[in-house]
Amino acid sequence: MTDVKPRIKVPKTAKKGEIVEIKTLVSHVMETGQRKDAQGNPIPRRIINRFTCTYNGKPVCDMVLHPAISANPYISFFVKVEESGTLQMSWFDDDGSVYKAESKIEVTG
Amino acid sequence: MMRSSAASRRTVMKGMGAGALALGGLGFGIGSARADLAKAEKLLKELIGSKTPQEGKVRLEMPQIAENGQTVPLTAAVDSPMTPDNYCKVIHIIAEGNPEAGVCSFKFTPLSGRAEFSTRMRLAQTQNVWAVAEMSDGSVWMTKTEVKVTIGGCGG
């Protein structure tokens, strides 16, 4: 699917040791596997089942998602920034696709 | 307006004697409330093993009334210093009245800085949502919050 696009909100700068909030949103249908089509056939499940975030390669968080997470999953969380670096995020689709996004944070002062 | 309609529905449900059945009539026939509870407890055991969760420490913020069960905001947080010696490892979210009890498990590291995350979830019907937190010292904490759902969010 080509319409899956992660959108992220990451601060550009932070103070050393600051805990910053990261907001993410992915356009994704999150098909639960519970629904039926017009003919009464079950629509197969297709969701993002995992989300991970690293900072300079070090793990920040790792989330397992079940079908109960809403369509277009919104996830926000925090990261403690000690040095400048790159925040990398990955979303793992049931169909094997991995969607990625990254953003740099510069530590000032 | 919202409150009064939810209240009248509560009365109706009470009248019928079983909330789950009442909502089942609206198109979400997914077994009795007791079966749902057993399913949620089974999942909890799979997630945390034989440990017994204590009340407290973990906070779950959700609206009291969700007009639309398709997308209900939630924020889960734990009071934790989040140091390498003392941090919250994971928060599990369980919905006892959904077709599948599991909602998500959010694993933190000390790099998280704060044991808090937000997302949006589906609720099939009025029910309790559980937040269960496992700490680095092995202790387990839990809280439950009830959300009243006007339109369920799991069916077709």
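**With respect to the overall build of chain B**
Secondary structure assignment for chain B yields three helices and nine strands. Along chain B, helices and strands appear, N-terminal first, in the series α-α-α-β-β-β-β-β-β-β-β-β. The proportion of buried residues among the 156 residues of chain B is 49%. The contacts in chain B between residues at least 6 apart in sequence include a share of 65% that link residues at least 24 apart. Taken as a whole, chain B presents about 7500 Å² of accessible surface, with 54% of it coming from carbon and sulfur.

**Regarding the interface of chain B and chain A**
Facing 28 residues of chain B, the contacting portion of chain A comprises 29 residues. With both sides pooled, the region where chain B packs onto chain A buries about 2500 Å², and carbon together with sulfur makes up 55% of that total. Of all residues in chain B, the largest losses of buried area upon contact with chain A belong to Leu 111, Arg 120 and Arg 122 of chain B, amounting jointly to 27% of the total for that side. Applying the counting rule to chain B against chain A returns zero salt bridges. The interface formed by chain B and chain A includes 17 residue pairs in polar contact (both at pLDDT 80 or more).

**Points about the pairing of strand β9 (residues 140–151) of chain B**
Residues and elements named next belong to chain B. Across two bridges, the pairing between strand β1 (residues 54–55) and β9 is parallel. Paired with Gln 54 across the strands is Trp 141, a residue of β9. Bridge count for strand β3 (residues 65–68) against β9 is three bridges, and the pairing is parallel. Counted as the bridge partner of Ala 66 is Val 149 from β9. As defined by bridge partners, strand β8 (residues 127–135) adjoins β9 across eight bridges and the pair is classed as antiparallel. Looking at the pairing, Val 132 lines up with Met 142 of β9.

**Thoughts on the sheet that holds strand β2 (residues 58–61) of chain B**
If you trace the six strands from one edge of the open sheet to the other, you get β1(A)-β3(A)-β6(A)-β7(B)-β4(B)-β2(B), paired in antiparallel fashion. On the outer flanks of this sheet lie β1 (6–9) of chain A together with β2 of chain B, each paired with one strand and no other. Averaged over all pairs of adjacent strands, the angle between their axes in this sheet comes to 20°, without regard to strand direction. Sheet topology places β2 of chain B next to strand β4 (residues 72–78) of chain B; four bridges connect them, and they run antiparallel. Paired with Glu 61 of chain B across the bridge in β4 of chain B is Thr 75 of chain B.

**Side note on the environment of Ser 90 of chain A**
Residue and element names in this part refer to chain A. Along the polypeptide, Ser 90 turns up in strand β7 (residues 85–93). Linking Ser 90 and Val 107, residues 17 residues apart in sequence, is a C-alpha distance of 23 Å. Beyond its immediate sequence surroundings of up to four residues, Ser 90 is in contact with Arg 50, Phe 51, Thr 52, Val 98, Tyr 99 and Lys 100. Side-chain polar atoms of Ser 90 contact the side chain of Lys 100, separated by 3.4 Å.

**Considerations on the side chain of Ser 80 of chain B**
Residue and element names in this part refer to chain B. With respect to the helices and strands, the residue Ser 80 is situated in the loop between β4 and β5 (88–95). Among the residues examined, Ser 80 registers a relative accessible area of 17% and is labelled buried. From its side chain, Ser 80 meets the backbone nitrogen of Met 82 in a polar contact 3.2 Å long. If we ignore the near neighbours within four places in the chain, the residues touching Ser 80 are Asn 86, Tyr 87, Cys 88 and Met 135.

Parameters at a glance
Residues numbered from 1 in each chain as written. Chains lettered and ligands numbered in written order. Predicted model: local features only at pLDDT ≥ 70, side-chain atom pairs only at ≥ 80, totals over all residues. Heavy atoms only, no water. Helix = DSSP H or I, 4+ residues; strand = E, 2+ residues; numbered from the N terminus. Buried < 20%, exposed > 50% of the residue type's maximum accessible area, 1.4 Å probe, protein only. Contact = heavy atoms within 4.5 Å. Areas by Shrake-Rupley, 256 points an atom, 1.4 Å probe, with all protein chains shown as cover. Buried area = accessible area lost by both parts, 1.4 Å probe. Salt bridge = Lys/Arg side-chain N within 4 Å of Asp/Glu carboxyl O. Polar contact = N/O pair within 3.5 Å; in protein donor to acceptor, adjacent residues only side chain to side chain. Pairing = 2+ DSSP bridges. Axes fitted to C-alpha atoms, helices over the stretch in contact; angles between N-to-C directions.

Purely spatial values, then, with no claim about function.
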